[in-house]
Amino acid sequence: MLVSKTITEFNAIIKNTSQVDVLFGYCYPSTYRAGMTGLALHILYSALNARNDTSCERYFRYQTQSPVLSIETGRPLRNNHIIGFTLTYEEDILNLVQMIEMGGIPVLSIDRTAEDPVVIVGGPVVSANPEPYTDFIDAFVIGEGDVVIHNIIESVKDAESRDDVIAAMAEIEGVYVPRITQSSVSRNIIIDLDSLVYPTRQIIPDVEDGSAFEPVFGKSFLLEVTRGCGHSCRFCLVGHICQPRRTRSLDCLKKLVETGMQHTPAKKVSLIGSSLGDLDSLEDLVCWIVNKGLEVSVPSLRADSVSENLLDCLVKGGQRTLTIAPETGSEVLRKNMGKGLSDSDIYEAVGYAERVGYNSVKLYFIIGLPEETPSDIASTIHMVREIANKTSMKVTVSVNPFVPKAQTRWQLEPQPEIMVLRKKIKEIEEGLRNTPRVTVETLDLRSARIQAALSIGDRSLGKVIKAAARYGGFGGWRRAEKETGVPFFSLANNTERRKENLPWSFLQ
Ligand code: SF4
């Protein structure tokens with residue numbers, strides 16, 4: 001158990017740094033809660049500390065005593081040989097740049113000297129398009145980092161200088177070093193998940209249930225079941241950059257749960273993966289976990305892959321909200337986006353949930369999709385009303401604007417203007433105003449605009465990011481756009497970009 005000024009944790013690791021060769025700072029550029037929810041932190045922390053030659057300690061932008069002093073021992077960020085960030089959300093780039101600066105490390109990669117740590121980044125955002133961030137980052141991990149992280153540590157150990165480390169990294173498959181010309185970079189994919197070492201001794205904060213420090217899934221053992229997805233919806237990053245879909249065997253998953261529950265002080269197992277319902281053995285796995293007296297949770301499920309028995313086991317395992325993503329109330333538009341769910345799949349899944357005792361359903365919709373018509377918005381309103389009227393469950397409707405993402409089949413589609421999106425949201429809110437038990441949640445439209453620009457942008461965004469990090473917040477992005485003259489906020493609906501070379505075309 002580790003005690004820091006703000007957080008007490010189980011399973012954190014403190015090493016005698018005089019007995020290791022490499023000091024690694026794992027950084028999450030947002031809250032402690034968000035970082036501790038992500039599987040990447042647990043995988044990398046465990047893999048790095050399993051090495052006798054490496055000490056890995058963690059840093060978070062918010063909720064800790066300092067973003068640049070480690071949770072474990074207060075090690076200053078710049079004392080590490082290498083600092084590695086996971087960038088899960090585009091906008092967190094501002095937090096990342098701020099952490100580097102607060103740590104006394106030059107913000108621009110080009111200004112760093114032999115005394116400064118090497119700054120690397122991985123995660124879905126940079127695996128799709130690293131170009132907007134190249135000014136700040138020495139090396140990017142493209143794709144899955146489980147194996148490559150060991151090659152990176154070896155390059156740090158073997159090198160005589162910081163420049164040598166960076167040059168050696170450019171030789172590693174799946175690592176992109178912007179300052180060294182690489183004609184193409186391939187994406188790391190691990191085919192056999194059973195063969196990977198998995199973290200069974202996961203860090204759990206010792207906090208009250210519902211505490212602001214508690215990970216989003218609660219105090220639970222994270223069990224990664226699959227990577228990638230067997231579908232390829234046109235808008236979805238996971239459906240494009242994490243292919244092919246891979247899964248652990250049922251035997252392997254059961255062994256991981258058994259070992260994990262011996263070493264991780266939790267009574268709940270949170271299954272991690274996309275489109276888990278497609279897995280033949282999901283029902284067996286969930287019911288087996290519940291029969292062991294544990295709680296269980298699964299993320300969003302595809303409506304066409306749930307059975308009444310599966311939902312019954314999930315209710316027994318403590319899950320009370322069914323989360324599904326119809327994306328739109330229109331079956332035609334849904335098919336057009338490659339989602340392949342029928343209306344009856346959705347109504348049937350909701351009906352099962354009501355029968356087995358769920359008390360709420362969460363529905364995700366996207367607005368501003370290519371080829372969307374006013375009648376598609378009307379269909380969405382109709383679908384939510386039908387669900388609310390035919391069940392007694394609470395219905396939470398999450399409405400999110402379409403964000404074109406690099407490397408998806410809709411990467412060149414424009415995001416509609418904010419005014420257009422606002423009108424659609426208003427229509428949905430008004431259409432559902434008098435429907436009982438329905439709550440509508442929406443993403444801030446400015447945030448969607450920023451995400452879109454960063455998703456599809458190029459290196460010219462570096463100066464916008466640098467200025468915005470100085471000012472902070474939404475207003476900071478506006479000021480940065482004005483100051484730099486880079487048309488940041490209009491990037492996502494600029495159809496002219498279709499004629500240009502894609503900034504990420506060198507990624508295989
Ligand atoms: S089913 Fe879900 S995870 Fe899979 S591609 Fe479609 S939206 Fe993405």
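Thresholds applied
- Residues numbered from 1 in each chain as written.
- Predicted model: local features only at pLDDT ≥ 70, side-chain atom pairs only at ≥ 80, totals over all residues.
- Heavy atoms only, no water.
- Domains from an automatic or database assignment.
- Contact = heavy atoms within 4.5 Å.
- Buried area = accessible area lost by both parts, 1.4 Å probe.
- Salt bridge = Lys/Arg side-chain N within 4 Å of Asp/Glu carboxyl O.
- Polar contact = N/O pair within 3.5 Å; in protein donor to acceptor, adjacent residues only side chain to side chain.
- Helix = DSSP H or I, 4+ residues; strand = E, 2+ residues; numbered from the N terminus.
- Nonpolar A, V, L, I, M, F, W, Y, C, P; charged D, E, K, R; others polar.
- Near = heavy atom within 4 Å.
- Disulfide = S-S within 2.5 Å.
- Buried < 20%, exposed > 50% of the residue type's maximum accessible area, 1.4 Å probe, protein only.
- Core = buried A, V, L, I, M, F, W, Y, C linked by side-chain atoms within 4.5 Å.
- Pairing = 2+ DSSP bridges.
- Axes fitted to C-alpha atoms, helices over the stretch in contact; angles between N-to-C directions.
- Expected span 1.5 Å × (residues − 1).
- Arc of directions from axis to C-beta.

**Focus on the domain arrangement of the protein chain**
By convention, interface size is frequently given as the accessible area that disappears when the constituent parts associate. With domains assigned, the protein chain is organised as domain 1 (2-176) and domain 2 (192-319). Here domain 1 and domain 2 have C-alpha centroids that lie 26 Å from each other. Listed by partner, the interface residues are 26 residues for domain 1 and 26 residues for domain 2. In total, about 2,300 Å² of surface goes out of reach between domain 1 and domain 2, with carbon and sulfur atoms giving 65% of it. It is Phe 10, Asn 11 and Leu 39 that lose the most area in domain 1 upon contact with domain 2, and together they represent 27% of the buried surface on that side. Where domain 1 touches domain 2, the interface holds three salt bridges. The shortest N-O distance in the salt bridge between Arg 227 and Glu 144 comes to 3.0 Å. Along the contact surface separating domain 1 from domain 2 lie ten residue pairs in polar contact (both at pLDDT 80 or more). Elements with a contribution of two residues or more to the side of domain 1 that touches domain 2: strand E2 (8-10), helix H1 (32-37), helix H2 (39-49) and helix H4 (124-128). In terms of residues, the side of domain 1 that touches domain 2 owes the most to one element, H2, which gives six residues. Residue composition of the side of domain 1 that touches domain 2, grouped by class: twelve nonpolar, nine polar and five charged.

**A few points about the site of the ligand**
What surrounds the ligand is the set Cys 229, His 231, Ser 232, Cys 233, Phe 235, Cys 236, Gly 239, Ser 274, Arg 302 and Lys 339. Here the shell around the ligand is built from residues that sort into four nonpolar, four polar and two charged.

**Examining the state of the cysteines**
By the definition in use, this model includes one disulfide. Bridging Cys 287 to Cys 313, the disulfide has an S-S length of 2.0 Å. Every disulfide takes its handedness from the sign of the S-S torsion; for Cys 287 and Cys 313 that torsion is 105°, giving right-handed. With a gap of 26 residues between them, Cys 287 in helix H9 (residues 282-291) and Cys 313 in helix H10 (residues 308-316) connect regions that are remote in the sequence. For the pair shown, Cys 287 and Cys 313 are each scored as buried. Free of any disulfide, Cys 27 has its nearest cysteine sulfur in Cys 56, 8.9 Å distant. Accessibility expressed as a relative area gives 0% for Cys 27, which makes it buried. When its relative accessible area of 1% is taken as the criterion, Cys 56 is described as buried.

**A short note on the nonpolar core**
One recurring pattern in soluble globular proteins: nonpolar side chains tend to sit buried together. Leu 223, Leu 271, Val 286, Leu 301 and Leu 311 are the most contacted members of the largest nonpolar core, which has 68 residues in total. It is H9 that contributes the most residues to this core, seven residues altogether. With near-sequence residues (within four places) excluded, Leu 311 lies in contact with Leu 301, Val 306, Leu 322, Ala 349, Tyr 352, Ala 353, Val 356 and Tyr 358. Ranked by size, the runner-up nonpolar core spans 49 residues in total, among them Tyr 59, Val 97, Ile 241 and Ala 406.

**Section: the sheet that holds strand E7 (residues 139-141)**
What links the strands of a sheet is backbone hydrogen bonding, and the strands pair in either a parallel or an antiparallel sense. Strand order in the open sheet formed by six strands is E4-E3-E5-E6-E7-E8, with mixed pairing between adjacent strands. With partners counted over all chains shown, the strands left at the sheet margins are strand E4 (54-62) and strand E8 (175-176), one partner each. In terms of strand pairing, strand E5 (residues 82-86) meets strand E6 (residues 118-122) through five bridges, oriented parallel. The partner of Thr 86 across the bridge, within E6, is Gly 122. Against the sheet, helix H3 (residues 93-102) touches strand E3 (22-31), E4, E5 and E6, its axis set at about 115° to E4. Running over the sheet, helix H5 (residues 148-158) touches E3, E4, E5, E6, E7 and E8 and is turned about 130° from E3.

**Here's the deal with the pairing of E4**
Within E4, eight of the nine residues are buried, which leaves it mostly tucked inside the rest of the structure. Bridging between E3 and E4 involves eight bridges; their strand directions are parallel. Across the sheet, Thr 31 pairs through a bridge with Tyr 62, a residue of E4.

**Let's talk about helix H14 (residues 418-431)**
Between its first and last C-alpha atoms H14 spans 20 Å; for 14 residues at 1.5 Å apiece the expected length is 20 Å, and the two agree. Buried residues of H14: Ile 418, Leu 421, Lys 424, Ile 425, Ile 428 and Gly 431, and no others. The buried side chains of H14 occupy one side of the element, clustering within an arc of 160° when seen end-on. In H14, the exposed residues that point more than 90 degrees away from the buried face are Met 419 and Lys 423. Packed against the buried residues of H14 are strand E16 (360-367), helix H13 (374-390), strand E17 (394-401), strand E18 (438-442) and helix H15 (445-456).

**Some details on the sheet that holds strand E15 (residues 321-327)**
Strand order in the open sheet formed by four strands is E15-E16-E17-E18, and the pairing between neighbours is parallel. Each of the sheet's edge strands pairs with one partner strand only, and the pair in question is E15 and E18. Pairs of neighbouring strands in the sheet enclose a mean axial angle of 20°, with direction left out of account. Pairing of E16 with E17 involves eight bridges; the strand directions are parallel. By the bridge assignment for E17, Ser 360 is matched with Lys 394. On the sheet, helix H12 (residues 343-356) packs against E15 and E16 and is oriented at approximately 175° with respect to E15.

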